[in-house]
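Architecture at a glance
Single-letter residue listing:
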Amino acid sequence: VPEDEARLGGKLFVSGSYRLGVDTAKDDIDTICAAPRHIDRNDFFSEEQGGFTYRLRNTPGISHVMPITEAVVPIIEVV
């Protein structure tokens with residue numbers, strides 16, 4: 001993580017079957033991104049340069065990004 005991004009805060013947590021150790025090779029990995037209070041829904045779903053969704057779409061190794069903007073809890077499906 002670049003130094004300037006690390007200063008912004010936030011944490012990733014693994015949950016679901018992977019965390020419980022009962023996952024298989026075909027399972028996905030459920031991840032929770034806890035963002036600092038100054039990050040809002042617009043930052044999370046932003047397709048503009050610097051936005052979280054934009055960054056995911058431009059990350060090597062990620063082939064699919066689907067923001068689910070109508071969810072009560074912000075969700076982005078990533079493959």
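Residues numbered from 1 in each chain as written. Predicted model: local features only at pLDDT ≥ 70, side-chain atom pairs only at ≥ 80, totals over all residues. Heavy atoms only, no water.

**Focus: the confidence of the model for the protein chain**
On average, residues of the protein chain carry a pLDDT of 84, and 91% of them reach 70 or more. Per-residue pLDDT, averaged within each element of the protein chain, yields its smallest value for helix H1 (residues 3-6) (62) and its largest for strand E3 (residues 65-68) (91). (pLDDT = per-residue confidence, 0-100. Helix = DSSP H or I, 4+ residues; strand = E, 2+ residues; numbered from the N terminus.)

**Re the pairing of E3**
Where E3 and strand E4 (residues 75-78) come together, four bridges link them in antiparallel fashion. From the neighbouring strand, Ile-68 faces E4, where its bridge partner is Ile-75. Once E3 ends, the chain turns through six residues before running back antiparallel as E4. (Pairing = 2+ DSSP bridges.)

**Describing the side chain of Ser-46**
By the element assignment, Ser-46 lies in the loop between helix H3 (41-45) and helix H4 (52-57). Taking relative accessible area as the criterion, Ser-46 reaches 17% and is therefore assigned buried. Polar contacts involving the side chain of Ser-46 include one to the main-chain amide nitrogen of Glu-48, which spans 3.1 Å. When near neighbours in sequence (up to four residues on either side) are disregarded, Ser-46 contacts Gly-51, Phe-52, Thr-53 and Tyr-54. (Buried < 20%, exposed > 50% of the residue type's maximum accessible area, 1.4 Å probe, protein only. Polar contact = N/O pair within 3.5 Å; in protein donor to acceptor, adjacent residues only side chain to side chain. Contact = heavy atoms within 4.5 Å.)

**Some remarks on the packing of aromatic side chains**
By the definition in use, this model includes two aromatic pairs. Their ring planes at 90° and their centres at 5.1 Å tell us that Phe-44 and Phe-45 sit as a pair that is edge-to-face. The exposure classification of Phe-44 matches that of Phe-45, with both residues buried. Joined through ring pairs, the aromatic side chains of Phe-44, Phe-45 and Phe-52 make up one cluster. (Phe/Tyr/Trp six-rings, centres within 6.5 Å; stacked < 30°, edge-to-face > 60°.)

**Quick word on the environment of Ala-71**
Tracing the backbone through its elements, the reader meets Ala-71 in the loop between E3 and E4. In the structure, Ala-71 is positioned 43 residues away from Asp-28 in sequence and 20 Å away in space, judged by C-alpha atoms.

**Some thoughts on the pattern of salt bridges**
Tallied over the entire structure, the rule returns one salt bridge. A salt bridge links Glu-47 to Arg-57; the shortest N-O distance between them is 2.8 Å. One end of the pair, Glu-47, is in the loop between H3 and H4; the other, Arg-57, is in helix H4, with 10 residues separating them in the sequence. Residue class for Arg-57 comes out partly exposed when judged on its relative accessible area of 40%. (Salt bridge = Lys/Arg side-chain N within 4 Å of Asp/Glu carboxyl O.)

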